[in-house]
Amino acid sequence: MKQAEIAITIGGWGRDSSVHIVSFDSATKALEEFERISALLKRRGDKGNDLPKFLDVEGSNKLTCDFDQICAVSFLELKKADDDAIGLKDAFPHLGWK
């Protein structure tokens, strides 16, 4: 059962960007992967050496992408997101809920 997701934005902030979702059965594994990617991006920002040309992320599905093209990464723990959303339908009934 899917517990967490990592979203990786590739390309840029405009129309040419794309978001890829990698799902995980374990929130702990997803958080470890997110922290690994975040550390690599920090090293890239600091002009570090020995950075990978391609990034491989493997959960329930797999993503291989050009590391230089990554512009953002995010982590979503689904159980926490569901718990945080409790009561939103009652508070905002005018929104189109499915």
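Quick notes on the rules
- Residues numbered from 1 in each chain as written.
- Predicted model: local features only at pLDDT ≥ 70, side-chain atom pairs only at ≥ 80, totals over all residues.
- Heavy atoms only, no water.
- Helix = DSSP H or I, 4+ residues; strand = E, 2+ residues; numbered from the N terminus.
- Expected span 1.5 Å × (residues − 1).
- Buried < 20%, exposed > 50% of the residue type's maximum accessible area, 1.4 Å probe, protein only.
- Arc of directions from axis to C-beta.
- Contact = heavy atoms within 4.5 Å.
- Patch = residues over 30% accessible without salt bridge, like charges linked within 9 Å, V, L, I, M, F, W, Y side chains within 5 Å.
- Areas by Shrake-Rupley, 256 points an atom, 1.4 Å probe, with all protein chains shown as cover.
- Salt bridge = Lys/Arg side-chain N within 4 Å of Asp/Glu carboxyl O.

Another point: helix α1 (residues 27-45). Taking 1.5 Å of rise per residue, 19 residues should cover 27 Å, and α1 covers 27 Å from first to last C-alpha, within 8% of that figure. When we look at burial in α1, the residues that qualify are Ala27, Ala30, Glu33, Phe34, Ile37, Leu40 and Leu41. When α1 is viewed along its axis, its buried side chains cluster within an angular range of 150° and face the same direction. Seen from the open side of α1, the exposed residues pointing more than 90 degrees away from its buried face are Thr28 and Lys42. Looking at the packing, one finds that the buried side of α1 touches β1 (4-10), β2 (18-24), β3 (54-58) and β5 (70-77). Taken from the residues just after α1, Lys47 is the one with a positive phi, measuring 65°.

Before going further, it helps to spend a moment on a nonpolar patch on the surface. A surface patch of nonpolar side chains, amounting to about 240 Å² of accessible area, comprises Leu88, Phe92 and Leu95. Turning to its location among the elements, Leu88 is positioned in helix α3 (residues 88-91). Note on Leu88: relative accessible area 32%, which makes it partly exposed.

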